[in-house]
Structure formats: C-alpha cells, structure tokens
Amino acid sequence: MTNPYVEAFESSIKTPDVFWAKAAEDLHWYKKWDKVLDDSNKPFYRWFTGGVVNTCYNALDYHVENGRADQTALIYDSPVTDTIKKYTYAQLRDEVAIFAGALAAQGVVKGDRVLIYMPMIAEAAIAMLACARLGAVHSVVFGGFAANELATRINDAKPKVIVSASCGIEIKRVIPYKALLDGAIEMADSKPDACIIFQRPMETASLIAGRDIDWATAIKGVKPHDCVPVAATDPLYILYTSGTTGIPKGVVRDNGGHMVALKWTMKAVYNVDAGDVYWAASDVGWVVGHSYIVYGPLLKGCTTILYEGKPVGTPDAGAFWRVISQHKVKALFTAPTAFRAIKREDPEGKLLKDYDISCFATLFLAGERSDPDTLKWAETHIGVPVIDHWWQTETGWAIAANCMGLHHYPVVYGSPTKPVPGWNVQVVNPENEVVKTGDIGALVVKLPLPPGSLPTLWNNDDGFVKSYLDEFPGYYKTADAGYMDENGYVYVMSRTDDIINVAGHRLSTGAMEEILADHPQVAECAVLGVADDLKGQVPIGFLVLNAGVTRDHKEIVKEVVQMVRDRIGPVASFKTATVVKRLPKTRSGKILRGTIQKIADNKEYKLPATIDDPATLDEMAVALTSIGYAKAKKS
Ligand code: COA
Ligand code: AMP
C-alpha cells in the first residue's frame, strides 16, 4: 500500500539524485551543485559536487534574515549549576560570529582543524558553529575520555587550536578538564598553536603563558566573522569513534550532504517543524549531539535544548519531565539507558504527575537496543508514541526508524521499524548473497549511501574501504547482525565485531584488552560485554597471570581497573575483572567469547564441539559466580 513513506523510500532508492535535489532546495547555496550524486570515483561517492555552501549560515544567519531573529534558538538548561540561559537566533548568530573572529585571530582558516573538549555548556555549541562559520573542521572529544584518548585524537586531527573549559560537572563532582587537556598535549606529538579555555566559576584553570588564552580574553575586541563559503564536499567535522582496536576511526562529515539530510530528517523522521522545541538528551561529544543537539534542529529553525544534567540525580527522576514541561518540548531523543535509570528510581512514574507534559508528542530512542520492557514502560507512563530508531556514528542519521513525519507504522517491540528513505538495507550471508526474509545475516546498505553519511575516514581512504566496503562488495557493512521480516521491519540483534554499548556509549573490548595485556603480571586476557540492567552492557575482564605470580589478585584487579580508567576514561565503566587459571578456547586457540558471554548472562549454552578442554568452561562459571554473575545451565 502506498503512503508518503513508501513514496519517499522508493523515490530515494530509484532516483536518489531527484529525491535529494528536492530536499536540497530547502537550503541556501552560494552556488548550486553541478552534480547531485557524483559516482565518478567509486566506491567513493560524493553528494552535491560543485555546490558552495556554509553550514553555519544555514543554521543561524538564514533564520535571522528570514523572520526568526527573535525566536529562541538554544536553551542551555543546567540543573547542575542551577542555570537556564536562552539565546535567540540573532544572539546565537552574534556570539558565534564573535567566537569565529576569535578563532580567526588565532590564525584559524578554512580547512584547519579545531579540537573541542568541552562539557555540556552553550560555549561548546558556539565553538562548533564558529568552526563551521570559518570552514574550519571541528573535532569534538567527549569529556568522559581520558588524556590518552584525547592525545590519540590530537595526533590524528592535528588541530591548530584546541577549545576547552576549566571543568565539567558530573552531578555534584567537579571534573577538572584542563589538567586532562594539559596531560594529553604533553603526550601528543602534534602540538596546537593555542588553547582557548572557558573558565567556569567552580574551577579556575591555570593557563600556560604563550599557549593558553582565556575565552573572555580571546573574544575581547575581535570583529564578528562572516560565513566563509566552502565546497559542499569540504569536511565540516571529524568525529572519532571506537574501532576494533585501540586506534579510533575519524569519521568525516561533509557540509552539503550533511545539512540537506539532517534538515530533511527533522520533519520526515521526528515530525517537527520550524518553531518547535526539540531536545536530544545526549552530549555534544557523541554523534547524537552533533546531529540533533546542534545541526539538525538549528538547520530546521527549531529551538534546541542543551542539557547539562542526567536523567536521575539532577535532582531526581523527574528531571526529564521538568525540562519537557518547562520548555514545551515536542520531541525528545535519548538512549534507552536514560529511561532504564528513570524507571529504576521511579517505577510507578509518580514524579510525572507533578508536571504538565501535554506539549510532548514523541519519544525517540537510539544508541543501543531498546529493550521492550523499558519501551512499554515509557509508552504506558508518558502516553505518547515511543520510537526506537537505529543508527551509527558513521551514518550520521537514522538507518531505520518509524518515520513519524511520513507515516506512523504500528510499533513492533524489538524492531526500529523500516529503513529510512535513502537507506537500501539488505541482509546478506558471508558469501555476500541476500538471505531469505527472516534469516539472520549481516545488515548491510547497498551503495551509494545517502547524503550525510561518512564519505571516508580522516586521512585514511584505505581504512574506510577496509573497514566498511571490502567484506561485502557493493555494500556498506554496518557491523550489526540482524534480519528483516515479511513486512520490511528491521531487527538489529548484535554487533559482529568487538564493539559494545555501555549506557549508549560505544566502546571497543579489544581496546580494553590491549590495556589489560600491558599489565606486567598479565599473561593473557579477555574483555566481554555482559548484560546490565541499567547500562545495557558493561565490560568485564578475565586475567590469566604469568606463572609464579603470588601477589594478591584483588590488588592486580584494582590496578587493571585503574589502568582502563586512566587510558580510556571513566566512560568505559570498566569496574569488574577476575583472575582465572586459563581461558576457554577452541582447539585452534580462539577464545570462546560467545559461550562465556552466555554463561555470564545466565543464558543456556551448548558445549562447543570445537572446545579444547570442557573443564575450562566450568572454571569460568565458578569465576563468574564469584564476581556476581549467575551460573548458567549447560544443555
Ligand atoms: N565528563 C567527565 N566524566 C564523565 C562524563 C563527562 N562528560 N560523562 C560521564 N562521565 C563519567 C561519569 O561520571 C562516570 O564516572 P564514575 O565511574 O566516576 O562514576 C562514568 O563516566 C560513567 O558514566 P555514565 O556511563 O554516564 O554512567 P553513570 O552511572 O554516571 O550514569 C546514566 C548512568 C544512565 C544516568 C547515564 O549513562 C545517562 O544519563 N545516560 C543517558 C544516555 C546518553 O547520554 N547516551 C549517550 C548517547 S545518546
Ligand atoms: P554509535 O556509533 O555510538 O551510535 O553506535 C552505533 C551502534 O549502536 C550500532 O552499530 C548498533 O550496534 C547500536 N545501536 C544504535 N541504535 C540501535 C538500535 N536502535 N537498536 C539496536 N542497536 C542500536
């Protein structure tokens, strides 16, 4: 049966250039494109080649010049500092233009990289937009990463300037960011020319003379900078995400395709219009923050909320209802883990009764699998549609969703509904053949990917091809496994690599194993993601010690936990490890990760035919029980 979703989907697949050219008409171009879809250098597809744009112009100036100057563009809502600050489109444009002037005064020009390591304060969004204004390439690093991760990103992006703040606030704890930044710069081979530091009242960072400049000083007396026209295919940002090793991948986003796709999704996927209030409760350090705290809502002319708080504890599990009712939020986007946290603290939803949330239309969840329990709880208590949607840092926007602005399909628990227009999702087997409906396989997307998805990895075309295109020729590999049913619904089951999702944060167990293996007394190790009621998954580590080590195991565990915290950061939530005599392996020496995971998750498991020594699994079960994971049944 045809409906606006079906029509849009078919048009986007059959005639992508017509479909996206129409969407692109909704934006301002200094010069229109020569080609909508440029496939002259396959498998590198580019969108809107020849076009000249500025993303910041479309996100701010365009609205100021077209009747939205006095509309609120951004609300900074910070329960941790008891602050609410609103910026109209005109005010935000002016602040961004001034900060762009400050960056330019430090020598930043089109194409230069600027690394942003900031807490959730308005200045983070201002810095991102100021880069976009100059045609500089921003790379935002999430605050929960340690100095070592920051250093890796500095080395890869080679920023001319770093923008940071004196501290972040985690509920009541002040986290000094500047010390982490100094440590990272010390470790990195590439050094920035300057660091601009926003001093917050809770912590004053000491500045290094000749390198560091206070934000307030940096903007003093500078002239507002105009938008710099850039090629549609020029990079807007690099966002590093976990790969299958300790080396993160620099996902590149371009200017033209990105702004076209994101603006289109605001109505098609989220069903919001210009003037509506849209809230993504995430962090600017993640792709959700890039796409849906900053760029998407502003390109659309919405009011966006930048929330410096948590779903619980700031001050209680009613925090989300307070924000929705106070700012008249129409759509909220967050990770399921946030709702698990709320449900755990307020299972009967009593705090909801204190707030009028009649303005609220839809809740969107993504970042990890939405467990049906949490989804139903949200539906029952909020009384609005709860929409699971599936995407990745690489894709920049949803691959599968219930497109609320096109057609609202019945919700099927466990499925993020159907492929979004633009995404030709297929399920294939290892031979790259499309499997039968309902069969599980690798979830892939037929090339070309739509605008806004990654065109390549930063300075690493080969890595892009190897990571995403080589395994299934003609397709983009999502590295998720799943299936599609007879109604075209997509089911995302698990990752096919070592990536785990911890509280919606993407992490590599391989990267953690590299760290554990560095401990002088560890001979061998494994890290697995096991089920967790709150965070979805958490990593746990297994350590095999060198022969003859007689030290207290608890001490060694404490040390490796600290090593992961120091090198990856608190965001890894790596808190549990245990010492085992040996790891269960196949006869060819592969660690039986799947089986260990089943034991930990208390699921039935079969003795693998290829196991080297069955006794190792019994030993593993005992070890898991000792750290609080229930012993499972062997079938
Ligand atoms: N800067 C510094 N440290 C940070 C940080 C930041 N921006 N964000 C998190 N951390 C720290 C936390 O303080 C915590 O440290 P701890 O081990 O010392 O306690 C650690 O990193 C883990 O943080 P988190 O995973 O957020 O767990 P939590 O127990 O503090 O909170 C939730 C649990 C569910 C409340 C929280 O994960 C949450 O709000 N999730 C919402 C969903 C979300 O934002 N997802 C992102 C993708 S959409
Ligand atoms: P990230 O790049 O951090 O957004 O993480 C992307 C990964 O998170 C995906 O590859 C999936 O494994 C997982 N993911 C995101 N959204 C969903 C969803 N709605 N359902 C299941 N898994 C999801």
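So, how was this worked out
- Residues numbered from 1 in each chain as written.
- Chains lettered and ligands numbered in written order.
- Predicted model: local features only at pLDDT ≥ 70, side-chain atom pairs only at ≥ 80, totals over all residues.
- Heavy atoms only, no water.
- Buried < 20%, exposed > 50% of the residue type's maximum accessible area, 1.4 Å probe, protein only.
- Helix = DSSP H or I, 4+ residues; strand = E, 2+ residues; numbered from the N terminus.
- Pairing = 2+ DSSP bridges.
- Right-handed = clockwise from strand over helix to strand, strands pointing away.
- Axes fitted to C-alpha atoms, helices over the stretch in contact; angles between N-to-C directions.
- Parallel < 35°, antiparallel > 145°, perpendicular 65-115°, else oblique.
- Left-handed = near helix turned anticlockwise from the far one by under 90°.
- Contact = heavy atoms within 4.5 Å.
- Nonpolar A, V, L, I, M, F, W, Y, C, P; charged D, E, K, R; others polar.
- Near = heavy atom within 4 Å.
- Polar contact = N/O pair within 3.5 Å; in protein donor to acceptor, adjacent residues only side chain to side chain.
- Areas by Shrake-Rupley, 256 points an atom, 1.4 Å probe, with all protein chains shown as cover.

Q: Could you give me a rundown of the pairing of strand 6 (residues 113-117), with the residues and numbers involved?
A: Of all five residues in strand 6, five are buried, a share of seventy percent or more. Here strand 6 shows a buried face lined by Arg-113, Leu-115 and Tyr-117 and a second buried face lined by Val-114 and Ile-116. Both strand 6 and strand 7 (residues 137-140) contribute to a ladder of four bridges, which runs parallel. Of the residues in strand 7, the one forming a bridge with Ile-116 is Val-140. In this fold, the crossover linking strand 6 to strand 7 by way of helix 5 (residues 122-134) has right-handed handedness. As paired elements, strand 6 and strand 8 (residues 161-165) share four bridges and run parallel to each other. Pairing of Ile-116 across the sheet is with Val-163, part of strand 8.

Q: Describe the sheet that holds strand 24 (residues 441-446), with residues and values.
A: Taken together, four strands build an open sheet; the order of strands is 23-24-25-26 and the sheet is antiparallel. The open sheet is flanked by strand 23 (425-428) and strand 26 (490-495), the only strands paired with a single partner. If you compare each strand with its neighbour and ignore which way they point, the axes differ by 50° on average. Taken together, the four bridges between strand 23 and strand 24 define a ladder with antiparallel strand orientation. By the bridge assignment for strand 24, Gln-426 is matched with Val-444.

Q: Got a sec to walk through the packing of helix 15 (residues 509-516) against helix 16 (residues 553-567)? Specific residues and values, please.
A: It is the contact of helix 15 with helix 16, at a shortest axis distance of 9 Å, that shows an interaxial angle of 120°. Classified by the interaxial angle, the pair formed by helix 15 and helix 16 is oblique. Considering only the axes of helix 15 and helix 16, their crossing is right-handed. Counted together, Met-512, Ile-515 and Leu-516 of helix 15 and Val-560, Met-563, Val-564 and Arg-567 of helix 16 form the full contact between these two elements. A breakdown of the residues in the contact of helix 15 with helix 16 according to their chemical character gives six nonpolar, no polar and one charged.

Q: Any chance you could break down the site of ligand 2 for me, citing the residues and the numbers?
A: As a matter of local geometry, ligand 2 sits amid 14 residues, with His-389, Thr-393, Asp-480, Arg-495 and Arg-506 nearest to it. Between a nitrogen atom of ligand 2 and a main-chain N or O atom of Gly-367, the distance comes to 3.1 Å. When isolated, ligand 2 has an accessible area of 500 Å², and the protein chains bury 93% of it. Grouping the constituent residues of the shell around ligand 2 by class yields three nonpolar, five polar and six charged.

Function cannot be inferred from these measures alone, as they are strictly geometric.
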